[in-house]
Every structure is written in C-alpha cells, then in structure tokens.
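# Report on the structure
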Amino acid sequence: MRFPRPGPGKRFIGGSDMRGREREWRHVDGLLRVLRRRGGTLLVDGEPGAGKSRLLAEAAAAAPARGITVVQGGVAELGELVPCGVLLEALDLGAEPDDAAPVGSGTRLLERLKVALDARAPVLAVLDDLHRADPATLKTLRTLHELLADRPVGWLLSRSTAVRDGPGAALFDLLERHGAARTTLAPLSPDAATALAADTLGNRPDAATQALVAAAGGNPLLITELLAGLRGEGLLGAPVPAAHLPARLRAVVRGWIDPLGAEARSLVETAAVLGGSLSLEHAASLLGVTPAALLPAMEESTAAGVLAVTGRGLAFPHELVREVVATWIPPPVQETLVEQFAVLEDAAPPAVAAMDSAIAAGRLREAERMVRRSLADHGSVPGMAELRSLLSEVMYLTGRGEEAVREAETVLAVPGLPQHVRDRAVLVRLYAVTRQRSGGVAAEYANEVLAERSRHGPAAAAAALIARAVAEREQGRFADALALAEQARRVTEEARRPSGDARRPVGADRPGQRRYEVCLITAALLTDVHRLDEARAMLRQARKDMFANGHLAWAADASALEARAELAAGRLDGAAGEAERALDLAGALDTPLSAAAAGAVLAAVALRRGDLREATRHVADPPEGSLETRTRHALLAAQITEARDGPDSAVPLLAGLSWPLALAMEPTAGPWLVRVALGADDRSAAESVAVAAEALSRANPQFPALAAPAAHVRGLLDGDRDALASAAEQAVDAWARASAEEDLGMALEAAGRREEAARSLDLALAAYVETGSLRDAARIRQRLRGMGVRHRHWNSAKRPDSGWDSLTETEYTVSLLAVDGWTNRQIAEQMFISVHTVTFHLRQVYRKLSINSRVELTRLAVAQGRVAPGRAHDGRRD
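Now for a look at the structure at hand.

## Side note on the packing of helix 20 (residues 419–436) against helix 22 (residues 458–474)
Angle between the axes and distance between the axes: these two values describe a pair of packed helices. Here helix 20 crosses helix 22 at 10 degrees, and the two axes come no closer than 9 Å. The angle between helix 20 and helix 22 places the two elements in the roughly parallel class. Across the interface between the two elements, Asp-423, Val-426, Leu-427, Leu-430, Tyr-431 and Thr-434 of helix 20 pack against Ala-459, Ala-460, Ala-463, Ala-464, Ile-466, Ala-467 and Val-470 of helix 22. Classifying every residue of the contact of helix 20 with helix 22 gives 11 nonpolar, 1 polar and 1 charged.

## Quick notes on helix 2 (residues 52–62)
Turning to helix 2, its buried residues are Lys-52, Leu-55, Leu-56, Glu-58, Ala-59 and Ala-60. Elements in contact with the buried residues of helix 2: helix 1 (22–34), strand 1 (40–46), strand 2 (69–74), strand 3 (123–128), strand 4 (153–160) and strand 5 (181–185).

## Concerning unusual backbone geometry
For the bond running from Ala-121 to Pro-122, omega is -5 degrees, close enough to zero to count as cis. Tracing the chain through its elements places Pro-122 in the loop between helix 4 (108–119) and strand 3. Positive phi, normally seen in glycine, also occurs at Asp-129, with a value near 60 degrees. Inspection of the secondary structure assignment puts Asp-129 in the loop between strand 3 and helix 5 (135–147). At Asp-681, a residue that is not glycine, the phi angle is positive and equals roughly 60 degrees. Along the chain, the position of Asp-681 falls in the loop between helix 33 (669–679) and helix 34 (683–699).

## Notes on the packing of aromatic side chains
In the structure shown here, the tally under the stated rule is 3 aromatic pairs. Both rings, one in Phe-478 and one in Phe-703, keep their centres 6.4 Å apart while their planes meet at 75 degrees; by these two values the pair is edge-to-face. Of this pair, Phe-478 sits in helix 23 (residues 478–495) while Phe-703 sits in the loop between helix 34 and helix 35 (704–718), and the two are 225 residues apart along the sequence. Accessibility classification places Phe-478 together with Phe-703 in one group, the buried group. Consider the rings of Trp-804 and Tyr-812, whose centres lie 6.1 Å apart with planes at 85 degrees: the pair is edge-to-face. Over the face of the ring belonging to Phe-172 we find Arg-159, whose NZ or CZ atom lies 5.8 Å from the ring centre. One Lys or Arg, Arg-429, reaches over the ring of Tyr-445 and ends 3.8 Å from the middle of that ring.

## Some details on the pattern of salt bridges
Scanning the model with the defined rule gives 50 salt bridges in all. Put simply, Arg-182 and Glu-176 hold a salt bridge, and the shortest N to O gap is 2.9 Å. Residues Glu-534 and Arg-531 are paired through a salt bridge, measuring 2.8 Å at the closest nitrogen-oxygen approach. Owing to a relative accessible area of 31%, Arg-531 belongs among the partly exposed residues under this scheme. A network of salt bridges, in which partner residues are shared, links Asp-533, Arg-536, Arg-543, Glu-562, Glu-566, Arg-571, Glu-578 and Arg-581.

Quick notes on the rules
- In every chain, residue numbers begin from 1 and rise along the written sequence.
- Per-residue local features of the predicted model are confined to residues with pLDDT of at least 70, and side-chain atom pairs are confined, for both listing and counting, to 80 or more; whole-chain, interface and lining totals are unaffected and use all residues.
- Only hydrogens and water are set aside; all other atoms, that is, all heavy atoms of the structure, feed into the side-chain values.
- Fitted lines through C-alpha atoms serve as axes, helices being fitted only where they are in contact, and the angles separating the N-to-C directions of these axes extend from 0 to 180 degrees.
- Counting from the N terminus, the helices are the DSSP runs of H or I reaching at least four residues and the strands are the DSSP runs of E reaching at least two.
- Each angle is binned into one of four classes, with values under 35 degrees roughly parallel, values over 145 roughly antiparallel, values of 65 to 115 roughly perpendicular, and all other values oblique.
- Residue contacts follow a heavy-atom distance rule, with two residues in contact if any of their heavy atoms lie within 4.5 Å.
- In the scheme used here, Gly and all other residues not listed as nonpolar or charged are polar, with Ala, Val, Leu, Ile, Met, Phe, Trp, Tyr, Cys and Pro taken as nonpolar and Asp, Glu, Lys and Arg as charged.
- Partly exposed residues are those whose accessible area sits between 20% and 50% of the maximum for their type, while under 20% is buried and over 50% is exposed, using a 1.4 Å probe and protein chains only.
- When the centres of two rings from Phe, Tyr and Trp lie within 6.5 Å, Trp using its six-membered ring, the rings pair. Their planes under 30 degrees apart give stacked, over 60 give edge-to-face, and anything left gives tilted.
- Note on criteria: charge over ring means Lys NZ or Arg CZ within 6 Å of the ring centre, with the direction from the centre no more than 35 degrees off the ring normal.
- Every case where a carboxyl oxygen of Asp or Glu lies within 4 Å of a side-chain nitrogen of Lys or Arg is listed as a salt bridge.

Limitation: the analysis is restricted to geometry and does not speak to function.
Below, the structure written as structure tokens:
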C-alpha cells in the first residue's frame, strides 16, 4: 500500500466535485486492485447530494484501464418497470416471459444473469440508487453475490440513507455482515468545500460566496448547484438574501422536502422559521401534538438528512436548506410562530448586559436562548446587529465555527455600527476563521484588520496578530509566530492601562478582558516547541485573567492546554488528570472544541499505556473545527491503528495530510511517520517526511525541540547510527529520548554490536518506565529477551492474597484485555509477551478472583465497576 501524494492543490481523482473524497476512493481503488484475481464488494451510502453517483461514475471510468469490464445501471426515481430491470439493462439482456418466475437457484432469469456476468469476468457491476430497487431485484443480487463468490466479479453498490429502513438497507447490512466493505460519504470538510468551490469557479471564491458555500454544510450537490445558479443568475460576488438564492438550488431543496409526509414537512418548516436548534418539546407544543406523536416526523426528516439531532435539539445540518425552506413560509405565519415560541420560553427579552454576562460566565445555552428571544422582537437595525454579534460569539464558543463566521459577517455588513459591536464581530470572525480554516485565510483577513487598525480596539488588533501567528506556525516559522504572539500580548497589556473612559458600553473591549485568549494561543505555540515553563506561565496568566473578570467560557481550553503540556513533559498521570478536568468543564460549558483537544490527550496517554480500546474510544468521532484539531486527530487515529493492525492499515488514515503542516503541529510525529512509511514499503514517502522535518529544523535553529526529530528521522531513513545518537542527546523530553535510543539500539543490533545495542535499549527502557509508557517498555523488554537480556519488571509491594488489589500490574492489564474480548494471542502481541505467559497470568487472575472463566471475569469486572458495561465483551474466548 502506498502513501498518498496529492499535493495541497491537486485532486486525488477525476472531477473537481470529487474533492475531499480521498478516503472513499481508496476503498474503490482497493476493490479494483483485487478484482483481476478475485471478487469483492464495496457498499456506498450517504445523504442525498453527497456524491455517491459521482463516485460510482469515477470508478466505472477507471476500471477499463485496469482490464476490468464494467456493467453499469441505476434505479430510476419511480422504481423499476419490471423485477431485475436494472440488472437486465446493465447487462443488455432483453426480458423473457419466464423472468417473472420466483427467484431461485434454478430459475432461467438467474441463470441468464449469472452466465452474462461470468462471461465478462473480470467484471465490475456498478449499481446506483438501490434504495429504490424492487425486492425481487435485491434478492437476485444477494443470490448472484453468493453464486459468483469464487469468480472475479466485483460489486459496487450505492443507496441513499434518506430511506433508512426497507429491503435496500437490509441487503446492505446483510452483505456487510458477510464481509463486504462499506463506506459512508460524510459531508466535505470546510477546506474541501472551499477547494471544490475554487475548482468550480476557476478561482478562490470571494467572501460573500464563501459564506454561502459554508452554509451548504459540506454537501457537494448543494455547493455545485449553488455556484452554478449564482453564476447563471449573475449573483457571484454580491450578498444574496435568502429570498434570492438561485432557482437551481431551490429546486434541489424542493426535491428533498416534497417527498416528506405532511407532519414531517410541518416540523421542517417550523424549525426553518425559528433557526438554530429547536427542542422536541417546543416543536411538539408549536405543532399542537405530544412529543411522542412527533417522533415519526422527526425520524422521517432526520433519515432524509434534512434535519439532524444535536445536543441542543433539532437543527438543519445545511443552513442553506433552512434559508430556502424559511422563504416558503408566509410572513404572517412566521411572525405567529416566533410569538408562540417566545411565549413558550416564558420570559421578556433580557438586556444585552445579562447576555454578555451569561456568555462570559460560560452559561452559553442560556445566553443563546436569551439572544434568540430578543431577536424575535425585531428591534432596530443596530440593536439586531448587537444581538447577532452576541449570537456569533456563542456559536463560536460552542463549536459552530462556520455558523459563527457567517453570523459575524452578517453583522459586519451593517453600516454605521458602534465600535464595540463591530469589534466583537471582528473578534469572532478572526478567532473562528483561525480555528476553522487554514491559517492563510485567517491571515488574509487579519491583514485587512491591521491595515485599518485605527477603526478597531486593542482586542481586535491583538486577535489579528494572533491569527497571523497561527498562520506562521502552519508554515513552520515558529520564531515569527512567537514574535507576533508577543506583539499581541503587548497590545493587550497597553489596553490594561486606565483609559479614563467611564462611558464605555457593555460588551466593549474593556482593559485586559480579552488577554486570556492571546495567552492561550501563545501557550499552545510554546508547547509545540517544548518551552513548557513559559507555556505554563502563559496558562497561569490566562486563568488569572479569566477568573478576575468572571470569564469562564474558556476554562476548558486552559485545562486542555495544560494537559498537552503535561503530556509533552512525559507526565502521563498529570496529562490524564488535566484532560479529564477539561472534559468535565467542556461538558458543563458546552464547548466541544475543548473536548476534542482533551480527548486527543487522553487517547495519546492510553496509547502509551497500551490501552488500545480506550485510545480508540477517544478518537472514535472525527472532530470538526480547526485544521490543527483535525490534523492531530488524524495522526492519533493512524498511530492507534498502526499499533493494533500494522503500518499498512495506518496508511489510508494519513491520506491528504501535509507533512510540513503535520510536523509543525506535532514535531515528534516525524520518526513515527518514517517508520510507518518504511513499514509500508514506501521509501519515497519516508524521504518526504525527513525532508520536511529537516526543513522545519533549519528554519527554526533556536528551538532544540525541532532539531532532535530531524536527526531522528534522518537516522531512521539512512540507518545512520550517529544521527540517532545525536537525536537521543538532543531530545528535550524523556519519551522522545527513549524513542531515539530504541531506534539506535535496533540499528546497533543490526550491525552486530550487541553490547552497545543492549545499553541503548536499557536506556530506552528506563526512560519509557520513567514516563509510564507501559506499552513501549513491554516492547523493549521483548527485544531484550530476544537478545538474552532479562529484566525484572514487577515490584514487590505487599498485596492482599485475593481480590482485584491482589493482581499485579501485568495481571490486571491482561484481565482488562480479556474482558474486552481479546484472544490470548492478541493479548500477547499487544503486551509483547508469549501466549503461554498470557495463559499463566489468566490462571493467576482466576485463582485470585475465585473464578473459572472469562465469562465470570467479564461479569465480575462489570458488576464491580472495573469496566463500563458497554466496553465488556461477552467473554466467550477462553
């Protein structure tokens, strides 16, 4: 398996609207690669407009070049005229009188289809929109799948998730249970959506068009129809009110909404008028039914992909769809709904000061409710702008970055704004763009703000400098990034001086109130280059400013960054403790971006400790948000997969990553990336990583934390023992030093210098033990045992004779893996011990816990709270 090499501006596959589908194409490519030797099946599903048909078309176009015949068909919107019509059409077979006979292994129709497919082998059958297919067609497909299992016949099948149940969904589930691969087309990332827009238009979209693209929620069909309509109607580059969105886009939305039942349409229209998230209870009250009676309509609208269930209720995953639907509702009906909603909320519109205080204190849901109630009163234009600026800040803090940007841009389009309102919107736009999009986009806007610095307060200027600092970091220029961050800090320091202005309005940039944001991002930059004492000083200052002003909404971010610093220092217990605290705060404050950062730290800690199930749990849901968050998540997910399944399985998860960007965010990832590349037999990719690491080090000579990984990757790539020794000497933390010593030991052993190798491995083992990296330490012990060197790795602490506390650390780890359902061989491979040793430890566990099997072990672990019930396997793997 090869490493992906699509550059930042290149398409991975054919057309421009396949942007962001590299992962899915890898599944297709895997199917095509094996098809000349044996059969295979790939199931593709996704919401309407996700690009399923386009992916199938690209596959059909690519197959002939590999010597594969293609038969292709799709079920029409109204279904099939005759059973198996899609198969007959694809194979160019005419209908015969006995085709209507019941499907079975002996029917003439089935035999005709089987012979026609077999005669074309190797053949790829590409069948689209099977959610519309006749049950007889689906049964025939299932039977053909079995009859041709030993032939080079491939199946590429698609269905829409808008039809949640039914025969098509049942067939997909059945085929997946019997070994078929399955991929679901998720929404495009913000970067991929922007790239798709640029490809479609021929250049980067302007700010107004970009805001509309962001509102498409990553749906390729909405994006392409929006842009084609804007171009066709001459609307590109101008703000477009919802009522004037292009007719092509409105037709697509009509096509999604019209098939819904009357109750589901009413629910969708109500949610569209009120915007944001609508609780099921409020929706039921507004529609005059009970919440239970509303459930079928909710399920229908969410299955169709029109609405989504969020932590705050029902919301539109595509803001463009909401805007189009809302325009269908007559204004008097909209006003009545808003008035009824305000009554349900049972409160008068609160003052801006109360909303501002709620945001600062981290009561974000409460603040959003207050803002939306006040917006329903339709006040003056400046008043509405101020409310929307508050709403944009809430959206940003609760992880809805693209919504926040769009709301802030709506505010900034209002002429004659008071400075404090404009600055709040500028702040949100700067910080949200910095987190959500690439640093280049944020820097471009930051330069605009700094060019008109006299129009903005100190907080806006500081935010612009921070946006530029993040962009410099993404380019690997840490010295410039830290210089800009320091300049931003000085701007906020100057703002702390008494201004003598007692008339500054609520929500204005009061002295020092926003300095904590600058401190937090500066702390992140310092952690990247391992200047941890300075990073902690910044975090202390940030917390001091937050608590002094009652601004708690960022408290989870501070704890997540503290956790990252502890992890970088090799203190796993401290890292886990701070990350758990960050998760608790993020849950209480409803700040998902902080939760994602904390989860990444917990995943890294679990990986080093060897708890792969726990590590996997923390990266199970790919985060939205910043490029940094997504890059760190991709690296972690790949590291966990490599630890569990080997380098070939990790490679697809690294698709689309830029090595310079990844190393700028995680410098210590370089050696691991080189190992994976070499393990996957991709020396060219390994060389690319090494070149990127060395360039990063050369550009930042004042940061030793970047020099050690550069020497390490070069030593790995070239087998250069001197470079590996240099990396171990230069490493600024114990874990990185251990990693370099381990690779040096392996290189020395390969050269026949066993005594020196054993010394290096001993040093690595001591450092891994010091940092609590149990899995790494176990791997070193296994290697030393192979060299004839043995180490005691247990302690002689006094333990009880029975019960959980009587188990040694190794016994306890073995028991938890057994509860997770791992076989003895899998446990042995993960703990770097023999199968016989695992069996011995399990016997000891059974004896000490007075049990006789894994089933009893599982029940006991769940009953006594050692594992969560959902984590435990059924235990039937003795």
